[in-house]
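# Fold and geometry: a report
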Amino acid sequence: LHAAIAAVGQGEDVEATLRTLNETRMALSFRIGLATLDHRQSGEDSARQLAWLAGDVLRTTLRLAENDMAAAHGRVPGGRFAAVGYGSLGGGELGFGSDLDLVFLYDVPPGEPPMSDGARPLEASRWFLRLAQKLVALLATPTGGGRLYDVDMRLRPDGGKALLVSSLAGFADYQRQRAWTWEHQALVRARGMAGDVSLLADFEAIRRDTLTRPRAPEAVRDEVLAMRRRMRAELDRSDAARFDLKQGAGGLVDLEFLLQCAVLSASAGCPALAGVTDTSGLIDAAAACGWLAPGEREPLHEAHAALLAAGLACTLDRRPRLTVQTPAIAAACAAIRAACIAHGLDFDAPASAG
């Protein structure tokens, strides 16, 4: 990616840079796709590489956006900006053609709100808002080979009614005072992706502090149950002929909710649970902490690998993640459902029986 940018003048021609960047991204995605199709590597490795690729594209595009802002308005002295990945991006399990779940943060030195130092200065919060808008626009700019990525920002604090970018202090206060349990669940798979290294470290400290807060396990379980049942009712597209790999009973989201329940209910006593964001790492951490029984670890790893590989096969050719119920998928779902039920998370039972 860096070589591709250098070949077109380090971003001097933005249109040419985006076109070259996207061609390089597509070429690398194609190689990952071929390795997936002929089973030279596992679905987990392919999903992880797609997330790595997206992260590098994000960092490269952020540099383009920052340079453009600096040329027009200068920079904010002492200001910091970062992009945080949520969902599949943060969890290192991206699919082919997936969009990016992003939250943007900024921070400025204490005191009077600083201004940027260019010929047309902007107040700091407005400068960082413009930067975030420009980054999203560059990622979504159509080129001859399509666009880089679509961006979903619905997971930012206060959702769609909030500003595109949050101050670090505001983000910390929101997580401490106003965030719902499902937002803390989403934080389990959040990971700093691009921007100022020190701000990314500050985000991670807030994330860990939030996740390791003592909670009543029964209350966590009840809220996780209620949210998953609502999601299942609204989003599960399974029918008599096909199974929804993501939202179906015993699917990938059931496994995510099981592990999120582990983190929120047990990481106060086992901080290692808050130290990872990927599903495989969370399974291992939950087993090492004793939250998962010894016999649950390997079946969950195998189930995750089977469902993830099937999902990648769908996204590789732009199909919905719906598939016929094979013996391997049925076994994976059974393992996930058994583990959920063992930990009081029977997502299929009526709400009154929860």
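In what follows, the accompanying structure is described. (Residues numbered from 1 in each chain as written. Predicted model: local features only at pLDDT ≥ 70, side-chain atom pairs only at ≥ 80, totals over all residues. Heavy atoms only, no water.)

### A word on the pairing of strand E2 (residues 100-107)
This is how the line gets drawn: Per-residue accessibility, obtained with a 1.4 Å probe over protein chains only, is compared with the maximum for each type, and a residue is labelled buried under 20%, exposed over 50%, and partly exposed between these values. Under the DSSP-based scheme used, a helix requires at least four consecutive residues in state H or I and a strand at least two consecutive residues in state E, with every element numbered from the N terminus. Think of it this way: DSSP has to see at least two bridges between two strands before they count as a pair.
Across the 8 residues of E2, 7 count as buried, placing the element largely inside the fold. For strand E1 (residues 80-86) and E2, the ladder comprises 7 bridges, and the chain directions are antiparallel. Its bridge partner lying in E2, glycine 85 is registered against leucine 102. As judged from the 2 bridges shared by E2 and strand E3 (residues 151-152), these two strands associate in the parallel manner. Within E3, the residue paired with aspartate 101 across the bridge is aspartate 152.

### Quick look at unusual backbone geometry
Although it is not a glycine, histidine 39 adopts a positive phi angle of roughly 60°. Phi is positive for arginine 318, which is not a glycine, with a value near 65°. Residue position: arginine 318 is located in the loop between helix H12 (297-316) and strand E7 (322-323). Here arginine 318 falls in the exposed class, since its relative accessible area comes to 61%.

### Here's the deal with the packing of helix H2 (residues 14-37) against helix H3 (residues 43-73)
Just so we agree on the cut-off: Between N-to-C directions, angles cover 0 to 180 degrees, with each direction set by a line fitted to C-alpha atoms, over the stretch in contact for helices. Angle categories: roughly parallel below 35 degrees, roughly antiparallel above 145, roughly perpendicular from 65 to 115, and oblique for all the rest. Residues count as neighbours in contact if any of their non-hydrogen atoms are within 4.5 Å of one another. When residues are grouped by polarity, Ala, Val, Leu, Ile, Met, Phe, Trp, Tyr, Cys and Pro land in nonpolar, Asp, Glu, Lys and Arg in charged, and all others, Gly among them, in polar.
As a packed pair, H2 and H3 sit with axes 10 Å apart at the nearest point and diverge in direction by 175°. One way to sum up the angle between H2 and H3 is to call them roughly antiparallel. Residues Thr17, Leu18, Leu21, Arg25, Leu28, Ser29, Ile32 and Thr36 of H2 pack against Ser46, Gln49, Leu50, Leu53, Val57, Thr60, Thr61 and Leu64 of H3. Its residues assigned to classes, the contact of H2 with H3 shows 8 nonpolar, 7 polar and 1 charged.

### What about the state of the cysteines?
Threshold: Disulfides are defined in this document as cysteine sulfur pairs within 2.5 Å.
For the structure on display, the rule yields 1 disulfide. Each sulfur of the disulfide joining cysteine 270 and cysteine 289 lies 1.6 Å from the other. An S-S torsion of about -45° defines the bridge between cysteine 270 and cysteine 289 as left-handed. With cysteine 270 in the loop between helix H10 (252-266) and helix H11 (279-288) and cysteine 289 in the loop between H11 and H12, the pair connects residues that are 19 residues apart, well separated along the chain. Residue class for cysteine 289 comes out partly exposed when judged on its relative accessible area of 29%.

### Description of the pattern of salt bridges
For clarity, the threshold we go by: By convention in these notes, a salt bridge is any Lys or Arg side-chain nitrogen within 4 Å of a carboxyl oxygen on Asp or Glu.
Taken as a whole and judged by the stated rule, the model has 23 salt bridges. Where aspartate 56 meets arginine 59, a salt bridge forms, and the shortest distance between an N and an O atom there is 3.0 Å. Of the two residues, aspartate 56 and arginine 59 are both situated in helix H3; the distance of 3 residues between them amounts to about one turn of the helix. Between arginine 154 and aspartate 152 there is a salt bridge, and its shortest N-O distance comes to 2.5 Å.

### Notes on a nonpolar patch on the surface
Formally: Patches here are clusters of residues that have more than 30% relative accessible area and form no salt bridge, with a 9 Å joining cutoff for like charges and a 5 Å cutoff for nonpolar side chains (Val, Leu, Ile, Met, Phe, Trp, Tyr). Note on areas: Shrake-Rupley with a 1.4 Å probe; residue coverage comes only from the protein chains shown.
A surface patch of nonpolar side chains, about 320 Å² in accessible area, is lined by Phe30, Leu34 and Leu37. Among the secondary structure elements, phenylalanine 30 is positioned in helix H2.

### A few points about the packing of aromatic side chains
Selection criterion: Pairing of aromatic side chains requires ring centres within 6.5 Å, counting the rings of Phe and Tyr and the six-membered ring of Trp. Pairs whose planes differ by under 30 degrees are stacked, by over 60 edge-to-face, and all others tilted. A ring is considered to have a charge above it if a Lys NZ or an Arg CZ atom is located within 6 Å of its centre and within 35 degrees of its normal.
For the structure shown, the criterion picks out 6 aromatic pairs. Plain terms: the ring middles of tyrosine 106 and phenylalanine 128 are 5.2 Å apart, the flat faces sit at 20° to each other, and that makes the pair stacked. Taken together, the positions of tyrosine 106 in strand E2 and phenylalanine 128 in helix H5 (residues 124-139) put the pair 22 residues apart, joining distant regions of the chain. The same class applies to tyrosine 106 as to phenylalanine 128, namely buried. Considering the side-chain rings of phenylalanine 171 and phenylalanine 203, the 5.8 Å spacing of their centres and the 50° angle between planes classify their relative orientation as tilted. Pair noted here: phenylalanine 171 is in helix H6 (residues 168-177) and phenylalanine 203 is in helix H8 (residues 197-211), with a separation of 32 residues, a long-range link. The class for phenylalanine 203 is buried, based on a relative accessible area of 1%. Between arginine 25 and the ring centre of tyrosine 149, over which it is positioned, the NZ or CZ distance is 5.2 Å. In this structure, arginine 228 packs its charged tip against the face of phenylalanine 257, placed 5.8 Å from the ring centre.

### Describing the packing of H11 against H12
Between H11 and H12, the least distance of the axes is 10 Å, while the angle of their chain directions is 170°. Judged on the interaxial angle alone, H12 and H11 are roughly antiparallel. The segment H11 lies against H12, with Thr279, Ser280, Ile283, Asp284 and Ala287 engaging Arg297, Leu300, His301 and His304. Here the contact of H11 with H12 is composed, by residue class, of 3 nonpolar, 4 polar and 2 charged.

### Here we look at H2
Condition: Expected span of a helix: the number of residues minus one, times 1.5 Å. Two N or O atoms form a polar contact when they lie within 3.5 Å of each other; inside protein one atom must be a possible hydrogen donor and the other a possible acceptor, and for residues adjacent in sequence the pair counts only when both atoms belong to side chains.
Across its 24 residues, H2 extends 34 Å between first and last C-alpha, which sits within 8% of the 34 Å expected from 1.5 Å per residue. Among the residues of H2, those classed as buried are Ala16, Thr17, Leu18, Thr20, Leu21, Asn22, Arg25, Ser29, Ile32, Gly33, Ala35 and Thr36. Contact partners of the buried residues in H2: helix H1 (2-7), H3, H5 and H12. Capping the start of H2, aspartate 13 holds a side-chain oxygen 3.3 Å from the backbone nitrogen of glutamate 15, two or three residues further along. Phi for histidine 39, located one or two positions after H2, is positive at around 60°.

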